[in-house]
Amino acid sequence: VLVIGAAGAAPAIAWGIQRRKGVLSVTSPDDKAAQQLAGRLGCRHVLFANLYDTLADVVVIADPALVAGHKKTELNPAYLRPSMTVVDVSHLPDDTEFLREARMRGCKVIEPATVLRDQLGGLFKALTTQELPADIALAEE
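In short, a report on the structure. (Residues numbered from 1 in each chain as written. Predicted model: local features only at pLDDT ≥ 70, side-chain atom pairs only at ≥ 80, totals over all residues. Heavy atoms only, no water.)

## Some remarks on a nonpolar patch on the surface
Residues Leu120, Leu123 and Leu127 make up a contiguous nonpolar surface patch of about 300 Å² in total accessible area. With respect to the element layout, Leu127 can be found in helix H4 (residues 112-128). (Patch = residues over 30% accessible without salt bridge, like charges linked within 9 Å, V, L, I, M, F, W, Y side chains within 5 Å. Areas by Shrake-Rupley, 256 points an atom, 1.4 Å probe, with all protein chains shown as cover. Salt bridge = Lys/Arg side-chain N within 4 Å of Asp/Glu carboxyl O. Helix = DSSP H or I, 4+ residues; strand = E, 2+ residues; numbered from the N terminus.)

## Topic: the pairing of strand E4 (residues 58-61)
Where strand E1 (residues 2-4) meets E4, three bridges bridge the pair, whose relative direction is parallel. For Leu2, the partnering residue across the bridge sits in E4 and is Val59. (Pairing = 2+ DSSP bridges.)

## Things to note about the side chain of Asp88
Mapped onto the elements, Asp88 comes out in strand E5 (residues 85-88). Of note is the side chain of Asp88, whose polar atom sits 2.4 Å from the side chain of Ser90. In terms of polar contacts, Asp88 uses its side chain to reach the side chain of Thr96, at 2.7 Å. (Polar contact = N/O pair within 3.5 Å; in protein donor to acceptor, adjacent residues only side chain to side chain.)

## Regarding the layout of surface pockets
Each pocket or cavity is described by its volume, and for the largest pocket that value is around 630 Å³. Considering the residues around the largest pocket, the lining is formed by 19 residues, among which Ile13, Ile17, Arg20, Val60 and Val87 are closest to the centre. Of all the elements in the fold, those that place two or more residues in the lining of the largest pocket are helix H1 (10-19), E4, E5 and H4. Considered class by class, the residues forming the lining of the largest pocket number 12 nonpolar, five polar and two charged. (1 Å grid on protein atoms, 1.4 Å probe; cavity = no way out; pocket = protein on both sides within 12 Å on 5 of 7 lines; lining within 4 Å. Points joined across faces, edges and corners; volume = space filled by probe spheres on them. Nonpolar A, V, L, I, M, F, W, Y, C, P; charged D, E, K, R; others polar.)

## Some points on the packing of H1 against helix H2 (residues 31-41)
H2 packs onto H1 with a crossing angle of 35 degrees between their chain directions and a minimal axis gap of 11 Å. Here H1 runs over H2; the crossing is right-handed. The segment H1 lies against H2, with Ala10, Pro11, Ala14, Trp15 and Gln18 engaging Leu37, Arg40 and Leu41. Partitioned by chemical class, the residues of the contact of H1 with H2 number six nonpolar, one polar and one charged. (Axes fitted to C-alpha atoms, helices over the stretch in contact; angles between N-to-C directions. Left-handed = near helix turned anticlockwise from the far one by under 90°. Contact = heavy atoms within 4.5 Å.)

Listed below in structure tokens is the structure:
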């Protein structure tokens, strides 16, 4: 699993992936922050410049400041391959340019509404010890 981002939700997402025994790599346009996060988690750090030489089965976009493009600190959507599963937690519950690109490129996409429902379900259970009722509709569903 490749987490792109080192701030925002990235540390929590990366920790959760490791907790579930995922093989984790972290990258970010801010290489220093990504290296620090990888060091804290004891996982692999990928220099952002080397991202395109790195294969991943799952790509988690967690940096709300990440921009699609061809510049040094931007993510070229051509990185996304049909064999990848892509989830973007950077602007929940909104759809993003990266998710639209991933769909167009044939990637499996974890929909933002699904991610949000799972997050809210976990929070609801932590507070009430009960499952989130299935009949509760979220705005994006």
